[in-house]
Amino acid sequence: MTAPVMAPPAPGGVALPRRGRRPRRRSSLSRRRTRLGVLMVLPAAAMLGLFFLWPLVQTVRMSFYDWPMLGEHTWVGLQNYTDALGDEDFLAAVGFTLRYTLIATPLLFVVALVLALLVRRGTRAARAFQTVYFIPVVIGMAAASYLWMYLFQPDLGPASALGERAGLLDASQNYFATFTSALVVVLAMVTWKVVGLQMLLLSSGLQSIPVEVNEAARIDGASRWQAFRHITLPLLRPTLALVLVFSVAGSLLAFDQFFIMTSGGPNNSTITAVFQTYRTSFIQFELGAGAAMSVLLMVALAAVSALQMLLLRNTDNA
């Protein structure tokens, strides 16, 4: 065996052995792992850039042009944005979208929270109920819209016939002919379609709360409502923020259900902001104006995401 190479004497006079070339080997292994990680992530990054970042850049670019479907496009600067903010149809669509969001968000949250509390104990019946109620989530929004439109068809829909037998509905009534009834049917469909996911998220948040905390509160004399209000809800804030942002974002981007079930009627009263963007871009063939509307919606969604981060940060600091 060869003796280890000795380093120059330390200030105390004792020579220390050198460690050899292990740091170089480690750095080489680290570089290989880094390259492998980059290669593994590269396909996903390419897909993200091709199908999200590039269309996003093109949409922002188009919003500064008068861009017809056919013909030359010309630079107009911020004209499309000023026109969108002054467009009565777009403002009416934004107003209806906000009203729909204010109704759908608390409705979905309350129903999902009640269902999550019902399945909280984790019994077999609760797990079966949770599984069955989650099934509509995997159905596409377009398929669910066509299904509910068929259910409430006058004189043909099974829901109308059953409602008439129960003395609650009129089978011959067209529930998509008036604003109130059409909105109620759409809200019922969205609740049936979406609330299962929110129930799953809330139930996961409830299960993460230690049982000992509630038991200690009950021992101290707190009622179920007091324990739920002062213990469960504060500990559930991160999940509540996530569910809230999902619900608000989904409502602001509502399109399929109104496009299929109401076609924007009656009298263009159920046209959402995304629906109006679609009409401007692909019916009126004003792609630049539609792109400007899309960018405005994107800014609104970015504000919602910022609100989510603010809520989560406040929760961490609490």
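Conventions adopted
Residues numbered from 1 in each chain as written. Predicted model: local features only at pLDDT ≥ 70, side-chain atom pairs only at ≥ 80, totals over all residues. Heavy atoms only, no water. Helix = DSSP H or I, 4+ residues; strand = E, 2+ residues; numbered from the N terminus. Buried < 20%, exposed > 50% of the residue type's maximum accessible area, 1.4 Å probe, protein only. Areas by Shrake-Rupley, 256 points an atom, 1.4 Å probe, with all protein chains shown as cover. 1 Å grid on protein atoms, 1.4 Å probe; cavity = no way out; pocket = protein on both sides within 12 Å on 5 of 7 lines; lining within 4 Å. Points joined across faces, edges and corners; volume = space filled by probe spheres on them. Nonpolar A, V, L, I, M, F, W, Y, C, P; charged D, E, K, R; others polar. Axes fitted to C-alpha atoms, helices over the stretch in contact; angles between N-to-C directions. Left-handed = near helix turned anticlockwise from the far one by under 90°. Contact = heavy atoms within 4.5 Å. Patch = residues over 30% accessible without salt bridge, like charges linked within 9 Å, V, L, I, M, F, W, Y side chains within 5 Å. Salt bridge = Lys/Arg side-chain N within 4 Å of Asp/Glu carboxyl O. Phe/Tyr/Trp six-rings, centres within 6.5 Å; stacked < 30°, edge-to-face > 60°. Core = buried A, V, L, I, M, F, W, Y, C linked by side-chain atoms within 4.5 Å. Expected span 1.5 Å × (residues − 1). Polar contact = N/O pair within 3.5 Å; in protein donor to acceptor, adjacent residues only side chain to side chain.

Draft legend 1. Structural context of the overall build of the protein. Counting its secondary structure elements, the protein contains 13 helices and four strands. Taking all 318 residues of the protein together, the buried fraction comes to 32%. As presented, the protein carries roughly 20,000 Å² of accessible surface, and 66% of it is formed by carbon and sulfur atoms.

Draft legend 2. View of the layout of surface pockets. In this structure, the largest pocket encloses a volume near 570 Å³. Lining of the largest pocket is provided by 15 residues; of these, L117, R120, N214, R218 and R224 occupy positions nearest its centre. Going through the elements one at a time, α3 (88-118), α7 (179-207), α8 (211-219) and α9 (224-235) are the ones with two or more residues in the lining of the largest pocket. In terms of residue class, the lining of the largest pocket is made up of seven nonpolar, three polar and five charged.

Draft legend 3. A look at the packing of α3 against helix α10 (residues 237-252). Two numbers describe how α3 lies on α10: the axes approach to 9 Å, and their chain directions differ by 145°. Along this stretch, α3 crosses α10, giving a crossing that reads as right-handed. For the pair formed by α3 and α10, the contact residues are T97, L98, Y100, T101, A104, T105, L108 and F109 on the first element and L240, L244, S247, V248, S251 and L252 on the second. Here the contact of α3 with α10 is composed, by residue class, of nine nonpolar, five polar and no charged.

Draft legend 4. Seen up close, unusual backbone geometry. Along the chain, G265 connects to P266 via a cis peptide bond; the corresponding omega equals -5°. Within the element layout of this structure, P266 appears in the loop between α11 (256-261) and α12 (273-282). In this structure, F285 is a non-glycine residue whose phi angle is positive, near 60°. In this structure, F285 sits in the loop between α12 and α13 (287-317).

Draft legend 5. Layout of a nonpolar patch on the surface. A cluster of nonpolar side chains, contributed by M69, L70, F282 and F285, occupies part of the molecular surface with about 450 Å² of accessible area. Here M69 is to be found in the loop between β3 (65-66) and β4 (74-75). A relative accessible area of 38% means that M69 is categorised as partly exposed.

Draft legend 6. Focus on the packing of α9 against α10. Their axes nearest at 5 Å, the elements α9 and α10 cross at an angle of 60°. On α10, the residues touching L233, P234 and L235 of α9 are R237, P238 and L240. When its residues are assigned to classes, the contact of α9 with α10 shows five nonpolar, no polar and one charged.

Draft legend 7. Representation of the packing of aromatic side chains within the structure. The final tally for this structure, using the stated rule, is 18 aromatic pairs. Considering the side-chain rings of Y65 and W67, the 5.9 Å spacing of their centres and the 85° angle between planes classify their relative orientation as edge-to-face. Each member of the pair, Y65 as well as W67, carries the same accessibility label: buried. Consider the rings of Y100 and F258, whose centres lie 5.1 Å apart with planes at 80°: the pair is edge-to-face. Taken together, the positions of Y100 in helix α3 and F258 in helix α11 put the pair 158 residues apart, joining distant regions of the chain. Per residue, the accessibility class of Y100 equals that of F258, and both read buried. Among the aromatic residues, ring-to-ring pairing joins F64, Y65, W67, W75 and Y81 into one connected group.

Draft legend 8. Molecular detail of the environment of G196. Position of G196 among the secondary structure elements: in helix α7. A relative accessible area of 0% means that G196 is categorised as buried. A sequence separation of 60 residues divides G196 from P136, and the C-alpha atoms of the two residues are 7.3 Å apart.

Draft legend 9. Structural detail: the nonpolar core. Within the largest apolar cluster, 38 residues are counted, with the highest numbers of intra-cluster contacts made by Y100, F176, L202, L236, F258 and M261. Those elements that provide at least two residues to this core are α3, α5 (141-151), α7, α10 and α11. With 11 residues, α7 is the single largest residue contributor to this core. Among all residues touching F258, those that are not within four sequence positions of it are F96, Y100, L183, V186, S263, G264, T270, T272 and F275. Counting five residues, the second largest nonpolar core, distinct from the first, contains M62, Y65, W67 and A291.

Draft legend 10. Representation of the environment of M293 within the structure. Take M293: it is sitting in helix α13. With a relative accessible area of 2%, M293 lands in the buried category. On a C-alpha basis, the gap between M293 and T277 in space is 6.1 Å, while along the polypeptide they are 16 residues apart. Each residue touching M293, except ones within four places of it in the same chain, is listed here: A84, D87, F90, Q276, T277 and T280.

Draft legend 11. Geometry of α3. The end-to-end C-alpha distance of α3, which contains 31 residues, comes to 45 Å, matching closely the 45 Å that a straight helix rising 1.5 Å per residue would cover. N-capping of α3 is provided by D87, with a side-chain oxygen placed 3.1 Å from the backbone N of D89.

Draft legend 12. Seen up close, the side chain of T239. Relative to the helices and strands, T239 resides in helix α10. With sequence-adjacent residues up to four places away left out, T239 is seen in contact with L201, L202 and G205.

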